[in-house]
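Working through the structure, step by step
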Amino acid sequence: MESNGVIPQFRPLYSVKVPNAAKNGEVVEFFVETLKDGDERALVVIRVHDDFVWLLHCLKTQDNVTGIIFPPLPSAPSTSVQAAEKRTKKQMGVNSNVLVGDDYGENFRAYEKFLTLCITHPRLGHSNVLQRFLLEKEAPAKVKIRQGILGTLTKAVDDIRTMNFKDSDNDFHNARINNNENVKHMKEAASAYQKYIDCEHRLSSAYSEIQKALTQIVSDQGNKMKMEELCEVMWRAAEHASEMSHVNATNRQRTMGATLKLYAGYTQSQQEMLNKRVFKLMELEKAKKNYEKAKPQKKQQAENIMRNIEKELSDMTALAKPEMERHNRQRILAMQSALTQVADSEIKNARDGLAVFTKSYSEAQKMQI
């Protein structure tokens, strides 16, 4: 039974993990482990980014999904040397002579989150398309989805058309205005936080360079024991500082960084859903005008078209209202969780760092140089 367009007390049919990924030629393969409710053993399938693109396309083209805010698809993983060089400059500095190696941890965690959001959604979780994606060994046959310049221009024109249209429902109208601002702000927040994370990586790299310099000092000084002892104390402190910065960057990426990136994508998905409603309103407005102008022999046909569109709009509204409430509740809980996790992590790292640096300072004070 459904109430107000939402399936009550929905229990996911599967649990899913994406524990690893590996590069295979020019693509990255993701290992998807799915445990069906009631089964004891998980089924493992291999999927690539294009498979996820096709899955989302199929989910969006199902029946009765016009009111859904779809989980945003993660960005395709980069495999080129140029992408590795760009990543290295961000994390190690422009003068680094070493490339940062491939690490698809952020990618496979993002795909796991995407699939989890799909299987826990009260409507998408029942999809046969999703079931085949998770449980069939071979990836579903697909046509490559391309968005050319025409699609981009069409979207830009549609955004302008919907921007100035007044929705008959104030709740939806205000939600669309607020979300238009959120699209920009969430994108800026995700970008700014990523720069913060990259700075922490560069700080970790700088401490590593200090370690190397201290090692070189000891080598140049020969057997001057006091200098060697002092450098060793400083070396351990620099080593811990480097590790602490690396851990901070990693934890920030996995918590607040991933959450900001996810909900920057979600604002785009919500905008798409709200725009679909506006297009339906425009369609209804046109149908009403056609009905008013219709000749007697075509009056009934025009009225039937108008009534059908009115019903479609009513169904869309019934689905969209609880969907927005569910999404807003989910977003608040996700942000709270990310903030709590990153705060707990940094408090722990700060305490560990204080203990190490206090010990190093005490050892240095006791030295007679």
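Sequence order as written defines residue numbering, which begins from 1 separately in each chain. Given that this is a predicted model, residues contribute local features only at a pLDDT of at least 70 and side-chain atom pairs are listed and counted only at 80 or more, while totals for whole chains, interfaces and linings are drawn from all residues. Hydrogens are left out, water is left out, and the side-chain values use all remaining heavy atoms of the structure.

On to the overall build of the chain. By the criteria applied, helices consist of DSSP H or I runs no shorter than four residues and strands consist of E runs no shorter than two, each listed in order from the N terminus. Across its full length, the chain carries eight helices and three strands. Going residue by residue from the N terminus, the α and β elements of the chain occur as β-β-β-α-α-α-α-α-α-α-α. Relative accessibility under 20% of the residue-type maximum defines a buried residue, over 50% an exposed one, and the middle range a partly exposed one, all with a 1.4 Å probe and only protein chains included. Evaluated residue by residue, the chain yields a buried proportion of 38% over its 369 residues. A separation of at least 24 residues holds for 73% of the contacts in the chain among residues at least 6 apart in sequence. Working rule for contacts: check all heavy atoms of both residues, and any pair within 4.5 Å makes them a contact.

What follows concerns the packing of aromatic side chains. Working definition: a ring pair exists when centres of Phe, Tyr or Trp rings (six-membered ring for Trp) sit within 6.5 Å. Plane angles under 30 degrees give stacked, over 60 give edge-to-face, the rest tilted. Here the structure, examined in full by the defined rule, presents seven aromatic pairs. Pairing Phe-30 with Tyr-111 gives two aromatic rings, centres 4.4 Å apart and planes at 50°, and the pair type is tilted. Here Phe-30, found in strand 2 (residues 27–36), pairs with Tyr-111, found in helix 3 (residues 105–119); they are 81 residues apart in sequence, far enough to count as distant. The rings of Phe-30, Phe-52, Tyr-111, Phe-114 and Phe-133 are connected pair by pair, giving a single aromatic cluster. In this arrangement the basic side chain of Arg-277 is found over the ring face of Phe-172, its NZ or CZ atom lying 4.2 Å from the centre. Whether a charge sits over a ring depends on NZ of Lys or CZ of Arg being within 6 Å of the ring centre and within 35 degrees of the ring normal.

A word on the confidence of the model for the chain. pLDDT measures how confident the predictor is about each residue, on a scale from 0 to 100. Mean pLDDT over the chain stands at 85; residues scoring 70 or higher make up 86%. Low pLDDT (under 50) marks residues 1–7, which in the prediction has 12 contacts with non-local residues, meaning those over four places away or in another chain.

Attention now moves to the pattern of salt bridges. Between Lys or Arg on one side and Asp or Glu on the other, a salt bridge is scored when a side-chain nitrogen of the former is within 4 Å of a carboxyl oxygen of the latter. Under the counting rule described, the total for this entry stands at 18 salt bridges. The closest approach of N and O atoms between Glu-200 and Arg-252, which form a salt bridge, is 2.4 Å. Of the two residues, Glu-200 is situated in helix 6 (residues 170–221) and Arg-252 in helix 7 (residues 225–293); the sequence distance between them amounts to 52 residues. Summarising the burial analysis for this pair, Glu-200 and Arg-252 share the class buried. Note that Glu-363 and Arg-236 form a salt bridge whose closest N and O atoms lie 2.7 Å from each other. Residue Glu-363 is located in helix 8 (residues 296–366), and its partner Arg-236 is located in helix 7; the two are separated by 127 residues in the primary sequence. Overall, the relative accessible area of 24% leaves Glu-363 in the partly exposed class. Shared partners join several salt bridges into a network, and the residues in it are Glu-200, Arg-252 and Glu-346.

In contact at an axis separation of 11 Å, helix 3 and helix 4 (residues 128–135) are set at 140° when each is read in the N-to-C sense. In terms of orientation, helix 3 lies oblique with respect to helix 4. In terms of crossing hand, the pair formed by helix 3 and helix 4 is left-handed. Seen from helix 3, the contacting residues are Leu-115, Cys-118 and Ile-119; seen from helix 4, they are Leu-130, Phe-133 and Leu-134. Axis definition: a line fit to C-alpha positions, over the contact stretch in the case of helices; interaxial angles, taken between N-to-C directions, run 0 to 180 degrees. Each angle is binned into one of four classes, with values under 35 degrees roughly parallel, values over 145 roughly antiparallel, values of 65 to 115 roughly perpendicular, and all other values oblique. By convention, the crossing between two helices is left-handed when the near helix turns anticlockwise from the far helix through less than a right angle, and right-handed when the turn is clockwise.

Further remarks concern the pairing of strand 1 (residues 14–24). When a strand is regular, its side chains alternate between the sheet's two faces. When DSSP finds two or more bridges between two strands, those strands count as paired. Relative to strand 2, strand 1 is paired through nine bridges, and the arrangement is antiparallel. Its bridge partner being in strand 2, Asn-24 is matched across the sheet by Val-27. Turn length for the strand 1-strand 2 hairpin, with the two strands adjacent in sequence and antiparallel, is two residues, and the turn residue Gly-25 shows positive phi of about 70°.

This brings us to the pairing of strand 3 (residues 43–47). Across five bridges, the pairing between strand 2 and strand 3 is antiparallel. Of the residues in strand 3, the one forming a bridge with Val-32 is Val-45. Between strand 2 and strand 3, which pair antiparallel in sequence order, lie six residues; one of them, Gly-38, sits at a positive phi of approximately 100°.

This part is about helix 3. With 15 residues, helix 3 extends 21 Å between its outermost C-alpha atoms, agreeing within 8% with the 21 Å of an ideal straight helix rising 1.5 Å per residue. Residues Gly-105, Asn-107, Phe-108, Tyr-111, Phe-114, Leu-115, Leu-117, Cys-118 and Ile-119 constitute the buried set of helix 3. Any helix carries an expected span of 1.5 Å times its number of residues minus one.

With antiparallel pairing, the three strands of this open sheet are ordered in space as 1-2-3. Only two strands of the sheet have a single neighbouring strand rather than two, namely strand 1 and strand 3. Averaged over all pairs of adjacent strands, the angle between their axes in this sheet comes to 25°, without regard to strand direction. Against the sheet, helix 4 makes contact with strand 1, strand 2 and strand 3, and its axis sits at roughly 95° relative to strand 3, the strand it touches most.

This part covers the packing of helix 1 (residues 49–60) against helix 3. Close contact between helix 1 and helix 3 brings their axes to 12 Å; oriented N to C, the two are set at 20°. The angle between helix 1 and helix 3 places the two elements in the roughly parallel class. Seen from above, helix 1 lies across helix 3 with left-handed handedness. Listed contacts from helix 3 to His-49, Phe-52, Leu-55, Leu-56 and Leu-59 of helix 1 are Tyr-111, Phe-114, Leu-115 and Cys-118.

To continue, consider the nonpolar core. Residues grouped as a nonpolar core are buried Ala, Val, Leu, Ile, Met, Phe, Trp, Tyr and Cys residues, joined through side-chain atoms within 4.5 Å. If you look at the biggest cluster of nonpolar residues, it comprises 29 residues, and the most contacted ones within it are Phe-30, Val-32, Phe-52, Leu-55, Leu-115 and Leu-134. Mapped by element, the contributors of at least two residues to this core are strand 1, strand 2, helix 1, helix 3 and helix 4. If we ignore the near neighbours within four places in the chain, the residues touching Val-32 are Val-16, Lys-17, Val-18, Leu-43, Val-44, Val-45, Arg-47, Phe-52, Leu-115 and Leu-134. One finds Met-186, Met-256, Ala-264 and Met-273 within the second-largest nonpolar core, a separate group that totals 23 residues.

As a further point, take the environment of Arg-109. Along the chain, the position of Arg-109 falls in helix 3. Counting along the chain gives 35 residues from Arg-109 to Pro-74, while the straight-line C-alpha distance between them is 9.7 Å.

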